[in-house]
Amino acid sequence: MKIEIDNGSGFCFGVTTAIKKAEEELAKGERLYCLGDIVHNGMEVERLHEKGLITIDHEQLKQLHDVKVLLRAHGEPPETYEIAKRNNIEIIDATCPVVLQLQKRIKKQYEGEEQHSIVIFGKNGHAEVLGLVGQTHGDAIVIEKFDDVKQLDFEHDIYLYSQTTKSLDEFHRIIDYIQEHISPNAAFKSFDTICRQVANRMPNISTFASQHDVVLFVAGHKSSNGKVLFNECHRVNPRSYQVEKADEINMHWFDGAESVGICGATSTPKWLMEECRDYIECGFR
C-alpha cells in the first residue's frame, strides 16, 4: 500500500519561528516560560516541555517576576505587555508578523476619530482573537460563523476584519451579506486579513485528499485551523480520519485501501506525521 505525506502540511512560518526561538532560549540552559501552549498540538508541547519549556496561563503570569516569558505566534493583548513591564519580565516575542500587523491595523482604526463598529470574524476565546479584541479595549464585536452576522447593527459604520486562520470562503459570504444589508447612511469596509499561507492550504489539501483512498489527518484537537482543514478533507473524501497521535490510529480504517494520504494543520509537526506513517507501515508487516 502506498503512503504519502503531504509536503504542504506542517508548521506555518509563525509557528516555526516561535518554536525556533523557544529552542534557542532553552539551549542556553535558562528557565523559559511560555504563555499558553506554544502550539495547539499536545505532542509538540510535550516534546518542548521535556526540553524545559514551562507552560503558564495569564493568572500565573501575574505572579512571576524577573523571568523570561515567550509569547507564542498567536499574539497577546496590550495588558500582557503591561504586566510584564510591571513585573520586570523579559518578553521573548514570537508573535507572527501577520498577526502583529493585524493588531496594529485594528488599534489604529479603533483610535481614529470616526464612530464605527469593529467586527472580527474569529473564534471567541481564541488566543489570537483575544489579542485582537484587546486592541479595542474589549469593544470589538466577534462573530464566529456566518449566521452571527445577522445580529449586527447595520445602521452604523462597520469595519470588518478576520482572524488570520479563518475560512476565506465564509469571510466572503459575510462580506456579501453586510453589503446587502448595510444602511445607505452607513459605511462598510472589509479588510482581508486571512493569512495566505494558511488560506492556500484549503485548495491544496482538497486536491491531496481526492488523490487517496484514505486520508489520515494529524492535528491537535484544540487546533482551529485543524478543524477547518479536516472538515475540508472529510468533505472531499469521506474516508478521512483525524488523530492527534499515532496510537489513536485504527488499522481497520485502511481495509481495502491502496493508497493513504497523511496531512495535517499549520500546528502539526512533520515528525508527528512521519511517526503516524511508520505506525501504519508497522501494522501491515
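To keep things clear, this report deals only with the structure shown in the data block. In this text, all values refer to a predicted model and were calculated from it rather than measured experimentally.

Cut-offs applied
Residues numbered from 1 in each chain as written. Predicted model: local features only at pLDDT ≥ 70, side-chain atom pairs only at ≥ 80, totals over all residues. Heavy atoms only, no water. Pairing = 2+ DSSP bridges. Helix = DSSP H or I, 4+ residues; strand = E, 2+ residues; numbered from the N terminus. Axes fitted to C-alpha atoms, helices over the stretch in contact; angles between N-to-C directions. Contact = heavy atoms within 4.5 Å. Buried < 20%, exposed > 50% of the residue type's maximum accessible area, 1.4 Å probe, protein only. Right-handed = clockwise from strand over helix to strand, strands pointing away. Phe/Tyr/Trp six-rings, centres within 6.5 Å; stacked < 30°, edge-to-face > 60°. Disulfide = S-S within 2.5 Å.

To continue, consider the sheet that holds strand β3 (residues 53–56). Read across the open sheet, the four strands follow the order β3-β2-β4-β5; overall the sheet is parallel. If you trace the sheet from one side to the other, it starts and ends with β3 and β5 (90–93), each paired once. Shown here is a sheet whose adjacent strand axes are inclined to one another by a mean of 35°, direction ignored. Bridge analysis of strand β2 (residues 32–35) against strand β4 (residues 68–71) gives two bridges, and the strand direction is parallel. Of the residues in β4, the one forming a bridge with Cys 34 is Leu 70. Strand contacts of helix α1 (residues 13–27): β2, β3, β4 and β5, with the helix running at about 165° to β4, the strand carrying the most contacts.

This part takes up the pairing of β2. Burial along β2 is two-sided: the face carrying Leu 32 and Cys 34 and the face carrying Tyr 33 and Leu 35 are both buried. Judged from the four bridges that link them, β2 and β3 form a sheet pairing that is parallel. Its bridge partner lying in β3, Leu 35 is registered against Ile 56. Where the polypeptide runs from β2 across helix α2 (residues 42–50) and back to β3, its parallel neighbour, the crossover connection is right-handed.

Before going further, it helps to examine helix α6 (residues 127–134). Most of α6 sits inside the fold, with seven of its eight residues counted as buried. Listed as buried for α6 are Ala 127, Glu 128, Val 129, Gly 131, Leu 132, Val 133 and Gly 134. Check the buried side of α6 and you find it contacts α4 (78–86), α5 (97–110), β6 (117–121) and β7 (141–143).

Let's shift gears to the environment of Gln 63. With respect to the helices, strands and loops of the structure, Gln 63 is situated in helix α3 (residues 58–63). A C-alpha to C-alpha distance of 24 Å links Gln 63 and Lys 21, two positions 42 residues apart in sequence.

This brings us to the packing of aromatic side chains. Counted by the stated rule, this structure contains eight aromatic pairs. Aromatic side chains Phe 121 and Phe 171 sit 6.3 Å apart centroid to centroid with 15° between the ring planes, which places their arrangement in the stacked category. Placement of the pair is Phe 121 in strand β6 and Phe 171 in helix α7 (residues 168–181), with a sequence separation of 50 residues. Since its relative accessible area comes to 0%, Phe 121 is described here as buried. Residue classification places Phe 171 among the buried residues on the basis of a relative accessible area of 0%. Ring centres of Phe 146 and Tyr 177 lie 5.7 Å apart, and the angle between their planes is 90°; this geometry places the pair in the edge-to-face category. With Phe 146 in the loop between β7 and β8 (158–162) and Tyr 177 in helix α7, this pair connects stretches of sequence that are 31 residues apart.

This part is about the state of the cysteines. One way to say it: the disulfide is the covalent bond shared by the sulfur atoms of two cysteines. Across all of its chains, the model carries zero disulfides by this definition. Between Cys 233, a cysteine without a disulfide, and Cys 263, which holds the nearest cysteine sulfur, the sulfur-to-sulfur distance is 3.9 Å. Judged by its relative accessible area of 0%, Cys 233 is buried. Among the cysteines around Cys 276, which has no disulfide bond, Cys 263 carries the closest sulfur, lying 11 Å off.

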